[in-house]
Amino acid sequence: MSEIGRTSTNEPGTRASITEMWLPFTQIARMHYSDGSTHILVKGCCPVDDNTTDVHLSVLRNKNPDADEIAGIRQFEITVEQEDKAILDTVPGEFPLDPRLQSHTKHDRPGIAWRNALRDFLHPVDITQPKK
């Protein structure tokens, strides 16, 4: 498991978050807000072929939202996934695991951590052999 976290203050409207990557295809993001609410995203990716992956997302919360809040949460997550899909659809199937080959923003930290962890998962270092 690989993990990345962000911490914020306890001021109203702030959050602390942690993202776990269970390689090779599962991500769990936990967001704890200053109002005591928790939002958990569980994302599983299922490769179909070299160029297609099915993404399954579950959203968990520790509060019981009303129907309007549920609709808003659902629409927000769908919008985010559609934005990601629009970008990922432009990426060739042979996606580079080396993050230095692309430009990134601070919001790309979980993706970069995942790529680094996946690279290490796919190409483990043999610690019994001396470095060359």
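Now for a description of the structure that goes with this document. As the structure is a computational prediction, the values presented were derived from the model and not from experiment.

Describing the pairing of strand 4 (residues 38-49)
Part 1 of the reasoning: Bridge analysis of strand 3 (residues 26-33) against strand 4 gives seven bridges, and the strand direction is antiparallel. Its bridge partner lying in strand 4, Thr26 is registered against Gly44.
Part 2 of the reasoning: Linkage of strand 4 to strand 5 (residues 52-61), two consecutive antiparallel strands, is achieved through a turn of two residues.

Quick word on the side chain of His39
Part 1 of the reasoning: Relative to the helices and strands, His39 resides in strand 4.
Part 2 of the reasoning: Classification of His39 by relative accessible area gives buried; the value is 7%.
Part 3 of the reasoning: Within the structure, His39 has its side chain in polar contact with the side chain of Arg61 (distance 3.3 Å).
Part 4 of the reasoning: There is a polar contact of 3.2 Å between the side chain of His39 and the side chain of Glu77.

As for the pattern of salt bridges
Part 1 of the reasoning: Applying the stated criterion to the full structure yields four salt bridges.
Part 2 of the reasoning: Lys43 is paired through a salt bridge with Glu81; the nearest N and O atoms lie 2.9 Å apart. Linking Lys43 in strand 4 with Glu81 in helix 1 (residues 67-88), this pair joins segments that are 38 residues apart in sequence.
Part 3 of the reasoning: The residue Asp89 makes a salt bridge to Lys85 at a minimum N-O spacing of 2.7 Å.
Part 4 of the reasoning: By relative accessible area, which is 54% here, Asp89 ends up exposed.

As for the environment of Asp49
Part 1 of the reasoning: Relative to the elements of secondary structure, Asp49 occurs in strand 4.
Part 2 of the reasoning: Using a relative accessible area of 43% as the deciding quantity, one classes Asp49 as partly exposed.
Part 3 of the reasoning: In this structure the side chain of Asp49 is engaged in a polar contact, spanning 2.8 Å, whose partner is the backbone nitrogen of Thr52.

Each value, and the rule that gives it
Residues numbered from 1 in each chain as written. Predicted model: local features only at pLDDT ≥ 70, side-chain atom pairs only at ≥ 80, totals over all residues. Heavy atoms only, no water. Pairing = 2+ DSSP bridges. Helix = DSSP H or I, 4+ residues; strand = E, 2+ residues; numbered from the N terminus. Buried < 20%, exposed > 50% of the residue type's maximum accessible area, 1.4 Å probe, protein only. Polar contact = N/O pair within 3.5 Å; in protein donor to acceptor, adjacent residues only side chain to side chain. Salt bridge = Lys/Arg side-chain N within 4 Å of Asp/Glu carboxyl O.

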